[in-house]
Amino acid sequence: MSPIRSASDVPFDAEVPLLIVGAGAAGLCAALAAKKAGAEPLVVERDAQPAGSTSLSAGLIPAAGTRFQRAKGIADSPQLFASDIQHKAKNEANPAIVAAVAQGAGQLIEWLADRFGLPFDVIDNFNYPGHSAMRMHGLPTRTGLELINGLRGAAEASGISIVPGRRVETLVVEPDRRIRGVEIVRGDGVRERIGCAALVLACNGYGGNPDLVRRYIPEMASALYFGHPGNRGDAIIWGDALGAQLEHLGAYQGHGSVATPYNILISWAVIMQGGIQVNSEGRRFCDESQGYSEQAAEVLRQPNGVAWSVFDARIASVARQFEDFRDAERTGATVTRESVQALADAMHVPVEAFAAEWTTTEAIKAKAGKDRYGRQFAPEQHFAPPFHAVKVTGALFHTQGGLVIEAACRVKRTDGTVFPNLLATGGAAVGVSGSTAAGYLSGNGLLTATVLGRLAGKAAAQMARG
Ligand SMILES: Cc1cc2nc3c(=O)[nH]c(=O)nc-3n(C[C@H](O)[C@H](O)[C@H](O)COP(=O)(O)OP(=O)(O)OC[C@H]3O[C@@H](n4cnc5c(N)ncnc54)[C@H](O)[C@@H]3O)c2cc1C
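Residues numbered from 1 in each chain as written. Predicted model: local features only at pLDDT ≥ 70, side-chain atom pairs only at ≥ 80, totals over all residues. Heavy atoms only, no water.

Student: Even after reading the chapter, I still don't get the site of the ligand, so can you show me in this structure?
Tutor: If you check the shell around the ligand, you find 41 residues, and the closest are Glu45, Ser53, Thr54, Asp234 and Leu446. Between Ala26 and the ligand, the recorded distance is 2.9 Å, taken from a backbone N or O atom to an oxygen atom. Between His398 and the ligand, the recorded distance is 3.3 Å, taken from a side-chain N or O atom to an oxygen atom. At the level of secondary structure, the elements contributing two or more residues to the shell around the ligand comprise helix H1 (25–36), helix H2 (52–56), strand S8 (166–173), helix H8 (234–242), strand S18 (387–399) and helix H15 (444–465). The greatest single-element share of the shell around the ligand, amounting to four residues, is contributed by H2. A class-by-class count of the residues in the shell around the ligand yields 17 nonpolar, 18 polar and six charged. (Near = heavy atom within 4 Å. Polar contact = N/O pair within 3.5 Å; in protein donor to acceptor, adjacent residues only side chain to side chain. Helix = DSSP H or I, 4+ residues; strand = E, 2+ residues; numbered from the N terminus. Nonpolar A, V, L, I, M, F, W, Y, C, P; charged D, E, K, R; others polar.)

Structure follows, in structure tokens:
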């Protein structure tokens, strides 16, 4: 079936001013902003209950210059944040979008906290790779479930209509590519056609579409996909059919620390606090502190595509702020031993090789040196018993390529002009991570979902009013 169809032969069952596809963080932030700007958005969601990748995430959103940072004495600025994003993305990200998200993130966090009562705070006991200041804001459980529930509650309290159990299948378009509406398939197979004055695509990327992953991200084709299975790449499929610009389709957020076979995310705090990874031969294999995204492929390159994250009691106490980590401990994914030898035995790795890595790394920590991969260690990161380890694998979390947008989230055509009433945000739009997994700065996913979501909602409300 064609992803787009002509408006001339389509009678609509209903007409709305603004339609938003997808009720993840991007769609719900767009809806909240549109409502505030005076529009009546309708959010259409394929699942029976809005969840998306947002609900699977840790719910952490980076933001600079917030009152939460000021209260803890953290100096930061949108300029510094923008430069961190571009540094990680090797300057491949669109500077206008980077400036928009770096500027808008602080306001976004304070807006969600003050207007809708989402109890954010800033993590101040460890930092994520590539961030020059502690700027990761999260909710008490550090879960995306808490974030999506908070956003959905805010939308419901604002009187926003979210219709679940409806998958948008086809875009209905005029000859000049103005969007006239969408064709929807309900769970019971019945089709509905809804006309709209403006359309926001907030249906994330293509991580849940194995064919597209094979085509664009072959290195992750056989990896565990840890995101929402309903994210099937509809935005880029529609965009391609419409003549939209697509960019950085090989970029993605990976993660090199998913407990296996338990499938539980182990926070990267474990590594940033001084933890290391070894393979099944008991050897380290790279600078783990570069970033968790690029580490996914590094781990998958090891024997059997697995590694062990190794840490100690102090690090475990930092990681326990994450519900996922507590789950991992509860389910027995982590092993705990009092000696290096006993830990190696529990991990089934060769004791000699593992103990040699351990001794070398501890010596480097003691003199605040750099290891053979260029990783910098600090004396306070030294390991003290009891010691812990967890077997992990690399996973694909979400894709970062997508529709090219301008700073108000309007989708661009291949000739550089914009479509008159089509917007994209979150994982549906190209991210700010450049062309590779290594360009993903922690938090880029929810950063663009929420901040661009808000901008898209404002712009779409204006379009919807005509
Ligand atoms: C395990 C994990 C941990 C993560 N942790 C973080 C983190 O801490 N910080 C961070 O910044 N990022 C994180 N991310 C990435 C982050 O989750 C995503 O970048 C973000 O949730 C994207 O939001 P979204 O609204 O674009 O997509 P989603 O939340 O996936 O929402 C898209 C919605 O669109 C719906 N949909 C799709 N197609 C259609 C259709 N045709 N019709 C109707 N509905 C449709 C889907 O069902 C879904 O509900 C993590 C990702 C994973 C997998």
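Student: What should I look at first to understand the layout of surface pockets in this one?
Tutor: One way to see where empty space is left: roll a probe the size of a water molecule over the atoms. By volume, the largest pocket amounts to about 240 Å³. Forming the walls of the largest pocket are 13 residues, and the residues nearest its centre are Arg167, Glu169, Asp234, Ile237 and Trp238. Mapped onto the lining of the largest pocket, the elements with two or more residues apiece are S8 and H8. Among the elements that make up the lining of the largest pocket, the one with the highest residue count is S8 (four residues). Residues of the lining of the largest pocket, tallied by class, amount to five nonpolar, three polar and five charged. (1 Å grid on protein atoms, 1.4 Å probe; cavity = no way out; pocket = protein on both sides within 12 Å on 5 of 7 lines; lining within 4 Å. Points joined across faces, edges and corners; volume = space filled by probe spheres on them.)

Student: Just to check I follow, could you spell out the side chain of Arg152 for this structure?
Tutor: Relative to the helices and strands, Arg152 resides in helix H6 (residues 144–157). Looking at Arg152, its side chain comes within polar contact range of the side chain of Asn149, at 3.3 Å.

Student: Mind showing me how you'd approach the nonpolar core here?
Tutor: It is characteristic of soluble globular proteins that their nonpolar side chains tend to be buried jointly. In terms of nonpolar packing, the biggest core is built from 94 residues, with Leu18, Leu19, Phe120, Leu151, Leu171, Leu199 and Leu201 touching the most fellow members. What Phe120 contacts, discounting residues up to four positions off in sequence, is Ile61, Phe68, Ile109, Leu112, His137, Gly138, Leu139 and Leu147. Core analysis: the next-biggest nonpolar cluster, separate from the first, contains 48 residues, Cys286, Ala328, Ala333 and Val340 among them. (Core = buried A, V, L, I, M, F, W, Y, C linked by side-chain atoms within 4.5 Å. Buried < 20%, exposed > 50% of the residue type's maximum accessible area, 1.4 Å probe, protein only. Contact = heavy atoms within 4.5 Å.)

Student: It is not clear to me how the domain arrangement of the chain should be interpreted in this structure. Could you clarify?
Tutor: In many reports, interface size means the accessible area that the parts give up when they come together. For the chain, the domain assignment lists domain 1 (4–251 + 400–464) and domain 2 (252–396). Averaged C-alpha coordinates put domain 1 and domain 2 at centres separated by 32 Å. Across the boundary between the two partners, domain 1 contributes 32 residues, which contact 28 residues of domain 2. For the pair domain 1 and domain 2, the two sides together bury roughly 2,400 Å², of which 65% comes from carbon and sulfur. Per-residue buried area on domain 1 facing domain 2 is highest for Met220, Leu224 and Phe226; these three make up 24% of the total on that side. Connecting domain 1 to domain 2 are one salt bridge. For Lys88, the salt bridge identified is with Glu294, shortest N-O distance 2.7 Å. Linking domain 1 to domain 2 there are nine residue pairs in polar contact (both at pLDDT 80 or more). (Domains from an automatic or database assignment. Buried area = accessible area lost by both parts, 1.4 Å probe. Salt bridge = Lys/Arg side-chain N within 4 Å of Asp/Glu carboxyl O.)

Student: Explain the side chain of Asn231 to me, please; I cannot follow it from the model alone.
Tutor: Mapped onto the secondary structure, Asn231 falls in the loop between strand S11 (224–225) and H8. A polar contact of 3.4 Å, which involves the side chain of Asn231, links it to the side chain of Ser53. Beyond its immediate sequence surroundings of up to four residues, Asn231 is in contact with Ser53, Cys203, Asn204, Gly205, Tyr206, Gly207, Gly208, Asn209 and Tyr225.

Student: It is not clear to me how the pairing of strand S16 (residues 306–312) should be interpreted in this structure. Could you clarify?
Tutor: Where a strand is regular, its side chains alternate between the two sheet faces. Most of S16 sits inside the fold, with seven of its seven residues counted as buried. Covered by surrounding structure in S16 are Val306, Trp308, Val310 and Asp312 together with Ala307, Ser309 and Phe311, the residues of both alternating faces. With three bridges connecting them, strand S15 (residues 276–278) and S16 associate as antiparallel partners. Following the sheet pairing, Ile276 is matched in S16 by Val310. Pairing geometry for S16 and S18, over seven bridges, is antiparallel. From the neighbouring strand, Val310 faces S18, where its bridge partner is Ala389. (Pairing = 2+ DSSP bridges.)

Student: Could you clarify how one ought to interpret the UniProt feature "domain: FAD-dependent oxidoreductase 2 FAD-binding" (unreviewed entry) in the chain in this entry?
Tutor: UniProt feature "domain: FAD-dependent oxidoreductase 2 FAD-binding" (unreviewed entry): in the numbering of this structure it lies at residues 19–436. Secondary structure content for residues 19–436 is 33% helix and 23% strand, while the C-alpha to C-alpha distance between its ends is 32 Å. (UniProt positions renumbered as here; feature names shortened; annotations may be inferred.)

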